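Structural overview for review
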Amino acid sequence: MEYSELGKPPVSSMRVQPHLADPLTARRGFRWERLYRELDWLPGGHLNMAHECIDRHCKGEKAQRVAMLWEGKNGEEERYTFAQLRDETNRFANVLKGLGVQKGDRVFIYMERVPELYISLFGALKLGAIVGPLFSAFGPQPVKDRLLDSGAAVLVTQPHLRRNIAGILPDLPELKHIIVVNKNQRDKAPLPSGDLGYEELMAGASPQFDVARTSMYDYSVMHYTSGTTGKPKGVVHRHLAVVQQYATGRWVLDLHADKDIYWCTADPGWVTGTSYGMFAPWSNGVTQVIYEGGFGPSAWYQAIQKYRVTVWYTAPTAIRMLMKAGDELPGRFDLSSLRYLNSVGEPLNPEAVMWGVKVFKMPIHDNWWQTETGAILIGNYLAMPVRPGSMGRPIPGIVAGVLDDEYNEVPPGTEGNLAVRPGWPAMFHTYWRNQEMYNSRFRKGWYITGDRARVDKDGYFWFVGRADDVIKTAGHLVGPFEVESVLIEHPAVAEAAVIGKPDPLAYQIIKAFVALKNGYEESEALRQDILRHARQRLQSIAPRELEFRPSLPKTRSGKIMRRLLKAQELGLPVGDTSTLED
Ligand code: AMP
């Protein structure tokens, strides 16, 4: 297959059914290296993500193209061209250099979604530092855990967040500098002694900077992820990741610099907010909307209407919340600019895909990846028929498989462990200071994702559940997704989560937790009605118990925390909850 074929939405590349083929055969004809020439590179074969996302677009007229359309929480607006971003990020790189920050030092960013978050992140990358974005909604303990583990030398933050974490600072001996962004002079109080003011530093910094000659293997970004046990782990990525973020921005998100206004709703504290809220759109030179405010159905529809968003990338939780807000609401806005909808982060229930068709006249395209994978590996492309409930097919260059518990491949249709052959460009390179844990993720030449899935004969992958969340009831292994998808088909159900609850007879029975749509009241009759609906559809794998909850516990990236529901139900320790939403 020639590279030119891959530049198009890659229908042609799907001739290969990678999951069925011998990995080497499937890879024959595809080489990631062929994509390298699509990027700009620095002299001497060096690669720097910030250069690829910003400076490379600053030649000629393109420099004046808008990169960022920012809307603040209070309706403030700012816009930055690629040229302005280049200058601002250069300034910030000079600021860090002036402070003695070196290549490989960790620069952590604890900020709301303001332009300065993006400027400082790319400025730090230009210097060759490793950046770590943190959710602004984190409290002191999660911030401390992450700064301590990473040995961060610099923290960029805002006054109200700085106050939040004042108590942990004496415990962070490696933290040398705190830079405070005093945006819009909202907070005029003098800075605590020793802190540095962003605005003052930037005012004295030159807009000229020679981007660090990082190698493609140098570390660039780290994101902390939480597992079932232990402290969160720092997933470390390399500058090379931008090759795949660029490619999937085109192949899967179908981004075009000349026609698209793109909006990724993810916070940069979560990997989607960097890989697809920064690197994919900007390496493709695409204008993107950055919306500081939180979720709100009307506010979100309003943002699409106002900025004429064409490509939208969001998450199933948000989609279910929009569904909850009703089918009439979108009709009050002009959403005609939308041409392509995408989702990631959790399984997208078939009901949600079909809701897209009903309300937006187009299906929502699901795709799959993880913090560790750095970029999309499996997706439903624009050019491919969507199978509602499936996460799609592997992108070119990716060999995915379903393995039994001995790590041998199983035939299509059989459920097992989702695994991927290592070696894709955005693959993580280590867990920070935890190489042992990193090594444990690889078996028999596969990267083991921790998810359960099956693949059909056409190569579409179907998510079953996190290996930790799978339920065993009366001899059946049941994936929560299947049961939850049926529950949310009930007209009263907005969200559902199921867990396995120990049972002397069935080993586990399925217990459901359900949040209702607006306008529905909890009642015994409704509980019975939902259970009856589930029994009709699922029979032996229907939930036996059902509890109403006003809302379900979720991570900040919108994932329902089934293990928390289970721990609460069984009176067990809840484990790491640092990413739990308030
Ligand atoms: P994170 O590293 O926080 O982004 O979480 C990655 C995990 O989210 C995956 O291992 C899956 O369990 C889940 N996930 C992401 N995308 C999907 C999807 N499209 N369908 C089902 N689960 C998904």
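Up top is the structure.
Here is a short report on the structure shown in this document. Quick caveat, the model's predicted, so the values are computed rather than measured. (Residues numbered from 1 in each chain as written. Predicted model: local features only at pLDDT ≥ 70, side-chain atom pairs only at ≥ 80, totals over all residues. Heavy atoms only, no water.)

1. Some details on the side chain of lysine 144
As a reminder of what qualifies: Here a strand is any run of E in DSSP of at least two residues, a helix any run of H or I of at least four, and the numbering for each starts at the N terminus. Summary of the burial criterion: residues with accessible area below 20% of their type's maximum are buried, those above 50% are exposed, and those between are partly exposed, where the area comes from a 1.4 Å probe applied to protein chains only. Throughout, a residue-residue contact means that at least one pair of heavy atoms, one from each residue, lies within 4.5 Å.
Its place among the elements puts lysine 144 in helix H7 (residues 140–150). Note on lysine 144: relative accessible area 18%, which makes it buried. Those residues in contact with lysine 144, other than ones at most four positions away along the chain, are Ile168, Asp171 and Leu172.

2. Overview of the packing of aromatic side chains
Ring pairs (aromatic) are described by centroid distance and by the angle formed between their planes. Note the cut-off: Under the pairing criterion, centres of Phe, Tyr and Trp rings, with the six-membered ring standing for Trp, must be within 6.5 Å; the plane angle then separates stacked pairs below 30 degrees from edge-to-face pairs above 60, leaving the rest tilted. The rule for a charge over a ring is simple: NZ of Lys or CZ of Arg within 6 Å of the ring centre, and within 35 degrees of the ring normal.
Enumeration according to the criterion identifies 28 aromatic pairs in this entry. Centre to centre, the rings of phenylalanine 463 and phenylalanine 481 are 6.5 Å apart; their planes meet at 70°, and the pair counts as edge-to-face. You can see phenylalanine 463 sitting in strand S22 (residues 461–466) and its partner phenylalanine 481 sitting in helix H16 (residues 480–487), a full 18 residues away along the chain. Taking the relative accessible area as the measure of exposure, phenylalanine 481 reaches 7% and is therefore buried. Taken together, the ring pairs in this structure connect Trp263, Tyr291, Phe295, Trp300, Tyr301, Trp312, Phe333, Trp355 and Phe360 into an aromatic cluster. Over the ring of tryptophan 70 we find lysine 183, and its NZ or CZ is 5.0 Å from the ring centre. Cation over ring: arginine 421 sits above tryptophan 446, and NZ or CZ is 3.9 Å from the ring centre.

3. Re the pairing of strand S9 (residues 233–238)
How we decide: By the convention used here, strands pair only if DSSP detects at least 2 bridges between them.
Across the six residues of S9, six count as buried, placing the element largely inside the fold. Covered by surrounding structure in S9 are Lys233, Val235 and His237 together with Gly234, Val236 and Arg238, the residues of both alternating faces. Across five bridges, strand S8 (residues 219–225) lies against S9 in antiparallel orientation. Across the sheet, the residue bridging to tyrosine 224 is glycine 234, located in S9.

4. Focus: the site of the ligand
Using the following cut-off: We call a residue near a given molecule or strand whenever any one of its heavy atoms falls within 4 Å of it. Here a polar contact is taken to be a pair of N or O atoms separated by no more than 3.5 Å, where protein atoms must pair a possible hydrogen donor with a possible acceptor and residues adjacent in sequence count only if both atoms sit in side chains. When residues are sorted by character, Ala, Val, Leu, Ile, Met, Phe, Trp, Tyr, Cys and Pro go into the nonpolar class, Asp, Glu, Lys and Arg into the charged class, and all the rest, Gly among them, into the polar class.
In the vicinity of the ligand lie 16 residues, with Asp366, Asn367, Thr371, Asp451 and Arg466 positioned nearest. Note that a nitrogen atom of the ligand is positioned 3.4 Å from one of the backbone N or O atoms of glutamate 346. Elements with a contribution of two residues or more to the shell around the ligand: strand S14 (364–368) and S22. The element contributing the most residues to the shell around the ligand is S14, with three residues. The class makeup of the residues in the shell around the ligand is seven nonpolar, four polar and five charged.

5. Overview of the nonpolar core
Applicable threshold: Throughout this description, the term nonpolar core refers to a set of buried Ala, Val, Leu, Ile, Met, Phe, Trp, Tyr and Cys residues connected via side-chain atoms within 4.5 Å.
One finds Trp32, Phe122, Tyr276 and Trp282 to be the most contacted residues of the largest nonpolar core, which totals 129 residues. Here this core gets eight residues from one element, more than from any other, and that element is helix H6 (residues 115–127). Excluding anything up to four places from it in sequence, phenylalanine 122 contacts Ala50, Cys53, Ile54, Thr89, Met278, Phe279 and Trp282.

6. Topic: the packing of H16 against helix H17 (residues 524–538)
Describing two packed helices takes the angle between their axes plus the distance from one axis to the other. Cut-off, in case you're wondering: Only the stretch in contact is used when fitting a helix axis, every axis being a line fitted to C-alpha atoms; angles between N-to-C directions are given from 0 to 180 degrees. Angle categories are assigned with fixed cut-offs, so that under 35 degrees is roughly parallel, over 145 is roughly antiparallel, 65 to 115 is roughly perpendicular, and the rest are oblique. Here a crossing is called left-handed whenever its near helix is offset anticlockwise from the far helix by less than a right angle, and right-handed whenever the offset is clockwise.
Where H16 meets H17, the axes come as close as 9 Å, and the angle between the chain directions of the two elements is 125°. Considering the angle they form, H16 stands oblique to H17. Judged by the twist between their axes, the crossing of H16 over H17 is right-handed. The segment H16 lies against H17, with Glu482, Val483, Val486 and Leu487 engaging Ile530, His533, Ala534, Arg537 and Leu538. A class-by-class count of the residues in the contact of H16 with H17 yields six nonpolar, one polar and two charged.

7. Structural notes on empty space enclosed by the protein
Put simply, the test is: As defined here, a cavity is a set of points on a 1 Å grid over the protein atoms alone where a 1.4 Å probe fits but cannot get out. A pocket is an open set with protein on both sides within 12 Å along at least five of seven lines, and residues line them when an atom is within 4 Å of a point. Grid points are joined across faces, edges and corners, and a volume is the space filled by probe spheres set on the points.
Applying the stated criterion across every chain yields a total of eight cavities of 30 Å³ or more. Counted as a void, the second largest cavity has a volume near 70 Å³. Arg320, Glu346, Pro347, Asn349, Phe481, Glu484, Ile488, Glu495, Ala496, Ile560 and Arg562 are the residues that line the second largest cavity. Of all the secondary structure elements, the ones that give two or more residues to the lining of the second largest cavity are H16 and strand S25 (493–503). Of the residues that constitute the lining of the second largest cavity, the class distribution is five nonpolar, one polar and five charged.

8. Quick notes on the sheet that holds strand S26 (residues 507–516)
Strand order in the open sheet formed by three strands is S25-S26-S27, and the pairing between neighbours is mixed. Unpaired on one side and paired on the other, S25 and strand S27 (545–548) mark the two borders of the sheet. Averaged over all neighbouring strand pairs, the angle between strand axes comes to 25°, with direction disregarded. The sheet strands contacting H17 are S25, S26 and S27, and the helix crosses S27 at an angle near 135°. This element, helix H18 (residues 562–570), spans S25, S26 and S27 of the sheet and lies at about 50° to S25.

9. Some remarks on the layout of surface pockets
Taken as a whole, the second largest pocket encloses approximately 760 Å³ of empty space. Forming the walls of the second largest pocket are 31 residues, and the residues nearest its centre are Arg113, Gly294, Phe295, Arg556 and Glu581. Top element by residues in the lining of the second largest pocket is helix H13 (residues 316–324). It accounts for four residues. Class assignment of the residues belonging to the lining of the second largest pocket gives a composition of eleven nonpolar, nine polar and eleven charged.

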